[in-house]
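# Breakdown of the fold
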Amino acid sequence: MSLYDDAVLVLKGYEDQPELRQAYLDHLAEHPDGIWKACGAGHITASGLVIDPERERVLLTLHRKLRMWLQMGGHCEPEDTTLAAAALREATEESGVTGLALLPGGPVRLDRHPIPAPCHWHYDVQYAVLAPSDAEHLVSDESLDVRWFPYAEVADVADESVVRLLEATRARL
């Protein structure tokens, strides 16, 4: 199965946010290359909100280009076989934490947001990721900083999309 086929299956199985989910499916139906960064109309991305083992904090990255605290995530790569694998790869690469595990149940949220030309949209498929008890994080080349934040502090440092992702993740936990 291709990554495109996996994305369609994952989205068809996702039961929340029906209008946004349909927008993602319509995008993929109209753009066979809609999974890849090269698609000028926008593309699917995959991200993961890293939760500590005690389920009290999240690990966020201070994005180098955007200068915003965000969950780990990014573009799908040719070696990714599933959206879940892409999210886990991105979370591992950007956090430096080994031994991460996806929270069962598929994506937690969808978040479509505009990005500068030449592309126009990121169609982000968001997962929750659990860190192991011995998690040690590193700052990647894509980040200015990586830091744990207690749940109560996330709204003070991150935008509404991250707050909504945290709320949905906590409900799933």
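Before going into details, it helps to say that this report is about the structure given with it. (Residues numbered from 1 in each chain as written. Predicted model: local features only at pLDDT ≥ 70, side-chain atom pairs only at ≥ 80, totals over all residues. Heavy atoms only, no water.)

Further remarks concern the pattern of salt bridges. Taken as a whole and judged by the stated rule, the model has six salt bridges. A salt bridge links Arg89 to Glu90; the nearest nitrogen and oxygen atoms lie 3.1 Å apart. Note on accessibility: Arg89 and Glu90 belong to one class, buried. A salt bridge links Arg89 to Glu93; its shortest N-O distance comes to 3.3 Å. Here Arg89 pairs with Glu93, and both are found in helix α3 (residues 83–95), just four residues apart, close to one helical turn. Of the residues examined, Glu93 reaches a relative accessible area of 43% and is grouped as partly exposed. In the salt-bridge network here, residues are joined through shared partners; they are Asp80, Arg89, Glu90 and Glu93. (Salt bridge = Lys/Arg side-chain N within 4 Å of Asp/Glu carboxyl O. Buried < 20%, exposed > 50% of the residue type's maximum accessible area, 1.4 Å probe, protein only. Helix = DSSP H or I, 4+ residues; strand = E, 2+ residues; numbered from the N terminus.)

Once that is clear, we can look at the pairing of strand β2 (residues 57–63). Most of β2 sits out of view: five of its seven residues are buried. Once strand β1 (residues 43–51) ends, the chain turns through five residues before running back antiparallel as β2, passing Arg55 with a positive phi of about 60 degrees. In the sheet, β2 pairs with strand β3 (residues 69–70) via two bridges, with the strands oriented antiparallel. Pairing of Thr61 across the sheet is with Leu70, part of β3. As consecutive antiparallel partners, β2 and β3 are separated by five residues, and within that stretch Arg67 has a phi angle of approximately 55 degrees, a positive value. (Pairing = 2+ DSSP bridges.)

Let us now look at the environment of Leu130. Summarising the element assignment, Leu130 is placed in strand β7 (residues 121–130). Each C-alpha atom of the pair Leu130 and Ala29 lies 32 Å from the other, and the pair is 101 residues apart in sequence.

Pairs of aromatic rings are described using the distance from one ring centre to the other and the angle between the two planes. Counted according to the given criterion, the structure contains two aromatic pairs. The interplanar angle of 75 degrees and the centroid separation of 4.9 Å between the aromatic rings of Trp69 and Phe149 together place this pair among those described as edge-to-face. On the criterion of sequence distance, the pair formed by Trp69 in strand β3 and Phe149 in strand β8 (residues 143–150) is long-range, its members being 80 residues apart. Across the pair, exposure class does not vary: Trp69 and Phe149 are buried alike. Its end group placed over the ring of Trp121, Arg112 keeps NZ or CZ at 5.0 Å from the ring centre. (Phe/Tyr/Trp six-rings, centres within 6.5 Å; stacked < 30°, edge-to-face > 60°. Lys NZ or Arg CZ within 6 Å of the ring centre and 35° of its normal.)

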